[in-house]
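The primary structure of each chain is shown beneath.
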Amino acid sequence: MSFQEPIHDVAQLASVELFTPEFEESLWFFHDVLGMTATEDDGKSCYLRAFEDPYHHSLKLTRAPHAGIGIIGWRASSPQALDRRVAAIDASDNPGKWVENNTGYGRAYEFSTPSGQKQHLFWDVDYFKPTEEQKSKLLSRAQKRPLRGIPVRRIDHVNLLCKDVTRDSDFMMEKLGFRKRENVVLGGDELASWLSVSALVHEVAFTKDNAGPGNRLHHLAFWFGNSGQMLDLADITRDYGLKLEAGPGKHGVSQGYFMYIIEPGGNRIELFGDVGYLIFDPDWKTRTWDESNFMDGGAVWFGGDLPQDFFVYGTPIVEAAMEENAASEAEPAE
Ligand SMILES: [Fe+2]
């Protein structure tokens, strides 16, 4: 019996860059509402982290003309693991390059998914250094829990819109060691996949971009670890005029408690209440949802249906697709 030897060379999702055309309002959302801590602002980008994120930043918020996603940062499992992954990608028909002078982490290998989503893989990182005032008595906590908003504990996952879910998933599995935990196949077409390098169900997901050119953000997720906090945040979104797109509810896929908010810059942010389920089985087989069950428990286990926009909207925004979607929703049902 042949068994594919697993690759354990990528350790975790470390950071994601978001573009925002409404910088001050977006910063207010992440700093004041989600309680994140700003560590640096170089005039172009502000760097923030959740209170249990260990490094310099987990979110790079960049001033830009349009909303969208920039570079995704992954930490390798060791310096040797980084070299192994670089060799694997260099040997492919889509090689990357080394980039220096990064903020918050050292030398990084820059590469792209086949769809063109830019990513960095690195080992050297700058750890967050709390001030005396920020130090927690909990030795495992990077800083005290902030007294702002409903503070998130860590970055969780990123969901990307792409033109070819299978091609991008295969790249992440073959070159970086991700495992496909769940996917959705409708009409023989793979429309979504959830992949991880850890016991989590996903650190990255790919969703087919039916409304745009791909290389767009569907959502970036932060984790509370306590689904009850989502009710507090839902209450705040109403009072402060934020767009609560869906939830709180529970997905069938990943079993995660979810809530989706459109931050003021336009990017969709998911708040993840708990960890869903964890996977320790080394021989886990991809769970495939299809026509018979995806809309009957896969997309939403409980908590109300996802709006049609959820399947169309991403950043950068494709205005034509949103207008078409709004027109179709306005048509009387036959
Ligand atoms: Fe998600």
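Note: the structure precedes this text.
Residues numbered from 1 in each chain as written. Predicted model: local features only at pLDDT ≥ 70, side-chain atom pairs only at ≥ 80, totals over all residues.

Undergrad: So what's going on with the overall build of the protein? Residues and values would help.
TA: Of regular secondary structure, the protein possesses six helices and 17 strands. Across its three principal directions, the C-alpha atoms of the protein cover 60 × 55 × 40 Å. Looking at the protein as a whole, 43% of its 334 residues qualify as buried. Within the protein, residue pairs in contact and separated by at least 24 positions form 66% of the contacts whose partners lie at least 6 positions apart. (Helix = DSSP H or I, 4+ residues; strand = E, 2+ residues; numbered from the N terminus. Buried ≥ 20, exposed ≤ 12 C-beta atoms within 10 Å, placed from the backbone. Contact = placed C-beta atoms within 7 Å.)

Undergrad: Can you break down helix 3 (residues 165-176) residue by residue, with the values?
TA: Structural remark: α-helix, 3.6 residues per turn; residues separated by three or four positions point the same way. Helix length check: helix 3 (twelve residues) gives 16 Å between terminal C-alpha atoms against 16 Å at 1.5 Å per residue, within 8%. Every buried residue of helix 3 is listed here: Val-165, Asp-168, Ser-169, Phe-171, Met-172, Lys-175 and Leu-176. Looking straight down helix 3, one finds its buried side chains confined to an arc of 160°; they lie on one side. Buried positions along helix 3 lie against strand 1 (10-20), helix 2 (79-90), strand 9 (154-162), strand 10 (179-186), strand 11 (189-196) and strand 12 (204-208). (Expected span 1.5 Å × (residues − 1). Arc of directions from axis to C-beta.)

Undergrad: Before we move on, can you summarise the pairing of strand 5 (residues 68-76) with the specific residues and values?
TA: In terms of burial, strand 5 is a largely internal element, seven of the nine residues being buried. Pairing analysis gives seven bridges linking strand 1 to strand 5, with the strands arranged antiparallel. Within strand 5, the position partnered with Ser-15 by the bridge is Gly-73. Both strand 5 and strand 8 (residues 118-122) contribute to a ladder of four bridges, which runs parallel. Note that in strand 8 the partner of Trp-74 across the bridge is Leu-121. (Pairing = 2+ DSSP bridges.)

Undergrad: Any details on the pairing of strand 10? Residues and values, ideally.
TA: By the bridge criterion, seven bridges tie strand 10 to strand 11 in an arrangement that is antiparallel. In the sheet register, Asn-183 faces strand 11, and the bridge partner there is Ser-193. Between strand 10 and strand 11, which follow one another and run antiparallel, lie two residues, and Gly-187 among them has a positive phi close to 60°.

Undergrad: So what's going on with the sheet that holds strand 2 (residues 37-41)? Which residues, and what values?
TA: A sheet is described by the order of its strands in space; here eight strands give the open sequence 2-3-4-1-5-8-7-6, paired in mixed fashion. Two strands lie at the open edges of the sheet, namely strand 2 and strand 6 (97-99), each paired on one side alone. The mean angle between the axes of side-by-side strands here comes to 25°, regardless of whether they run parallel or antiparallel. (Axes fitted to C-alpha atoms, helices over the stretch in contact; angles between N-to-C directions.)

Undergrad: Summarise unusual backbone geometry; cite the residues concerned and give the values.
TA: Here the bond from Gly-247 into Pro-248 is cis, since omega is 0°, no more than 30 degrees from zero. Among the structural elements, Pro-248 can be located in strand 14 (residues 243-250). Positive phi, normally seen in glycine, also occurs at Ser-254, with a value near 75°. Within the fold, Ser-254 resides in the loop between strand 14 and strand 15 (257-262). Phi at Gln-255 takes a positive value of approximately 55°, unusual for a residue other than glycine. Residue position: Gln-255 is located in the loop between strand 14 and strand 15.

Undergrad: Quick one: what's the story with the environment of Pro-248, residue by residue and with numbers?
TA: What makes Pro-248 buried here is the crowd of 20 C-beta atoms within 10 Å. The contact partners of Pro-248, leaving out residues within four places of it in the chain, are Met-230, Leu-231, Ala-234, Tyr-257, Met-259 and Gly-303.

Undergrad: Account for the environment of Asp-53, naming residues and giving values.
TA: Mapped onto the elements, Asp-53 comes out in the loop between strand 3 (45-49) and strand 4 (59-63). For Asp-53, a count of 24 C-beta atoms within 10 Å puts it in the buried group. Between the C-alpha atom of Asp-53 and that of Val-152, which follows or precedes it by 99 residues, the distance is 9.6 Å. Once you skip the residues sitting within four places of it in the chain, Asp-53 turns out to touch Ser-58, Ala-142, Arg-154 and Ile-155.

Undergrad: Got a sec to walk through the nonpolar core? Specific residues and values, please.
TA: Among the nonpolar cores identified, the biggest contains 74 residues, and Val-16, Phe-30, Leu-121, Phe-222, Leu-271 and Phe-272 are the most heavily contacted of them. Phe-222 has contacts with Leu-34, Ala-50, Val-152, Ile-155, Asp-156, Leu-271 and Phe-272, leaving out every residue within four places of it along the chain. (Core = buried A, V, L, I, M, F, W, Y, C linked by C-beta atoms within 7 Å.)

Any link to function would need more than the numbers given here.
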